[in-house]
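For reference, the chains in residue letters:
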Amino acid sequence: MHLEARSPTDRGARSVFLAAVRANDPVCRDHYRLILALAGFPSAQPGQFVQILCADPEGPPWAGGAFTRRPFSIGGLRRTGNDCELDIIYRVIGPGTKWLAGLRPGVQVSVLGPLGRPFELPADRPVAYLVGGGVGLPPMIWLAEVAAAVGRQVVAFCGARSADSLPLRPRGRQDAVPLSPTEPTLCMEEFAQWGVPAVVCTDDGTLGRRGRVPEVFTSYLASHADEAAQAVVYTCGPEPMLRLVARSCELLGIPCQVCLERTMACGMGTCQSCVVRIRDASDAQGWRYQLCCTDGPVFDSRAVVWQDEKWGT
Ligand SMILES: Cc1cc2nc3c(=O)[nH]c(=O)nc-3n(C[C@H](O)[C@H](O)[C@H](O)COP(=O)(O)OP(=O)(O)OC[C@H]3O[C@@H](n4cnc5c(N)ncnc54)[C@H](O)[C@@H]3O)c2cc1C
Ligand code: FES
């Protein structure tokens, strides 16, 4: 495990790298795990992301793939000297990710990073709850490793529509994942390898508990009040899910850091395509814009004006 010594605000070091594909394998019906090998990648932290050129770095723009780079969370990072491996777990949804899914080991891709503001692990909060939905799970996997390594008591809450859209591997047989766990168990390999127990839920009940992850998480908070009082919640996934998780935390006074997604073109604060409304009492309208790519993607949940929130309600 490589715990990278760096302040969350030290975000200067970033560059473009040619990375070699080491592996690119399906993890479930629509997610792949891409392992990229590159040299000289700067220090990075969970919550940060890279922009991948989903097209041949040497080829013409009309040769297929996507014209602009696509953002992906760093789902894991391993270093050996100057060499580095990055894990990217991605869902195939459009031209860029379809192009990624066709990559074979040995070919090269262009990677820009590390980008964005990472999660923070305040020293006075010994418990870390990680709440990830679907494609929001990758940053949680790396965060689990780092938080466990610095001594946090970590519990992961993992949700997906169905068993076959959960980008995680059950430890042992799939039917060994408890259907209605009252307590988290070491049931998912990606978390269990760091000693982190998980609660799994699927909308259709095909794996773990039937239900949506905010409901399952909220009922866990209610039954673990003493532990929750010492926790920070870290969450990533679809914005309606983030909003529900954030609301439960705010009602109980638990700090919550949300990792937001926006459409991003540059990833570096230039194109202004990724704005987020952030509450600001000093502004006449009560909020101002910040950029998801450079001010985020991790924000304090209490600061975020949600996309479907009518201002003033
Ligand atoms: C900071 C950050 C981290 C991300 N991390 C991951 C990750 O770890 N794994 C992963 O699979 N995906 C991640 N995403 C989302 C990923 O960037 C998009 O899925 C990808 O850009 C899609 O590219 P595409 O060319 O395949 O599809 P596109 O043609 O770009 O998109 C297909 C459809 O999805 C919609 N869409 C695209 N991007 C987003 C978005 N960010 N939010 C909501 N809707 C979108 C488009 O509007 C369109 O309807 C992340 C996004 C951000 C901003
Ligand atoms: S993606 Fe260009 S400013 Fe954020």
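Residues numbered from 1 in each chain as written. Chains lettered and ligands numbered in written order. Predicted model: local features only at pLDDT ≥ 70, side-chain atom pairs only at ≥ 80, totals over all residues. Heavy atoms only, no water.

### A few points about the environment of Ala-228
Here Ala-228 shows up in helix α5 (residues 225-228). Counting along the chain gives 209 residues from Ala-228 to Ala-19, while the straight-line C-alpha distance between them is 41 Å. With sequence-adjacent residues up to four places away left out, Ala-228 is seen in contact with Arg-125, Tyr-129, Leu-221 and Ile-254. (Helix = DSSP H or I, 4+ residues; strand = E, 2+ residues; numbered from the N terminus. Contact = heavy atoms within 4.5 Å.)

### Considerations on the nonpolar core
Core analysis: the biggest nonpolar cluster contains 37 residues, and Tyr-129, Phe-157, Phe-217, Val-233 and Leu-260 have the highest contact counts within it. Among residues more than four places away in sequence, those in contact with Tyr-129 are Val-155, Phe-157, Phe-217, Tyr-220, Leu-221, His-224, Glu-227, Ala-228, Ala-231, Val-232, Val-233 and Tyr-234. Core analysis: the second largest hydrophobic core is formed by 30 residues, Ala-128, Ala-144, Val-154 and Ala-163 among them. (Core = buried A, V, L, I, M, F, W, Y, C linked by side-chain atoms within 4.5 Å. Buried < 20%, exposed > 50% of the residue type's maximum accessible area, 1.4 Å probe, protein only.)

### Considering the packing of aromatic side chains
Under the criterion given, the structure shown has 10 aromatic pairs. A ring pair is formed by Phe-72 and Tyr-90, whose centres lie 6.3 Å apart and whose planes are at 70°; its orientation type is edge-to-face. With Phe-72 in strand β4 (residues 70-73) and Tyr-90 in strand β6 (residues 83-91), this residue pair connects regions lying 18 residues apart in the sequence. With relative accessibility at 1%, the residue Tyr-90 sits in the buried group. An angle of 80° between the planes, with centres 5.8 Å apart, marks the rings of Tyr-129 and Phe-217 as edge-to-face. In this pair, Tyr-129 is assigned in strand β8 (residues 127-133) and Phe-217 in helix α4 (residues 213-223), connecting sequence segments 88 residues apart. Since its relative accessible area comes to 0%, Phe-217 is described here as buried. Linked through ring pairs, Tyr-129, Phe-157, Phe-217 and Tyr-220 together constitute an aromatic cluster. Note that Arg-277 overlies the ring of Trp-287, its terminal NZ or CZ placed 5.1 Å from the centroid. (Phe/Tyr/Trp six-rings, centres within 6.5 Å; stacked < 30°, edge-to-face > 60°. Lys NZ or Arg CZ within 6 Å of the ring centre and 35° of its normal.)

### Some points on the side chain of Thr-235
You can see Thr-235 is positioned in strand β12 (residues 231-236). Relative accessible area serves as the criterion here: at 0%, Thr-235 is assigned to the buried category. Those residues in contact with Thr-235 that lie beyond four places of it in its chain are Val-131, Met-140, Met-241, Leu-242, Val-245, Cys-256, Gln-257, Val-258 and Cys-259.

### Re the sheet that holds strand β15 (residues 287-291)
What holds strands together in a sheet is hydrogen bonding between their backbones, with the strands either parallel or antiparallel. What the 3 strands build is an open sheet, ordered β15-β14-β17; its pairing is antiparallel. The outermost strands of the open sheet, each flanked by one partner alone, are β15 and β17 (304-305). Bridging between strand β14 (residues 275-279) and β15 involves 5 bridges; their strand directions are antiparallel. When the bridges of β15 are listed, Arg-279 appears paired with Trp-287. (Pairing = 2+ DSSP bridges.)

### Remarks on helix α2 (residues 137-149)
Between its first and last C-alpha, α2 extends 19 Å over 13 residues, near the 18 Å set by a 1.5 Å rise per residue. Most of α2 sits out of view: 11 of its 13 residues are buried. Within α2, burial applies to Leu-137, Pro-138, Pro-139, Met-140, Ile-141, Trp-142, Leu-143, Ala-144, Glu-145, Val-146 and Ala-147. Just beyond α2, the residue with positive phi is Gly-151, at close to 90°. (Expected span 1.5 Å × (residues − 1).)

### Looking at the domain arrangement of the protein chain
Domain assignment breaks the protein chain into domain 1 (15-115) and domain 2 (127-261). Placing the centre of domain 1 and that of domain 2 at their C-alpha centroids yields a distance of 25 Å. Contacts between domain 1 and domain 2 engage 16 residues on the former and 13 residues on the latter. When the two sides are added together, the surface that domain 1 and domain 2 hide from each other amounts to roughly 1400 Å², 67% of it contributed by carbon and sulfur. Looking at the side of domain 1 facing domain 2, the largest losses of area belong to Arg-29, Pro-46 and Ile-89, adding up to 34% of the total buried there. Linking domain 1 to domain 2 there are 1 salt bridge. (Domains from an automatic or database assignment. Buried area = accessible area lost by both parts, 1.4 Å probe. Salt bridge = Lys/Arg side-chain N within 4 Å of Asp/Glu carboxyl O.)

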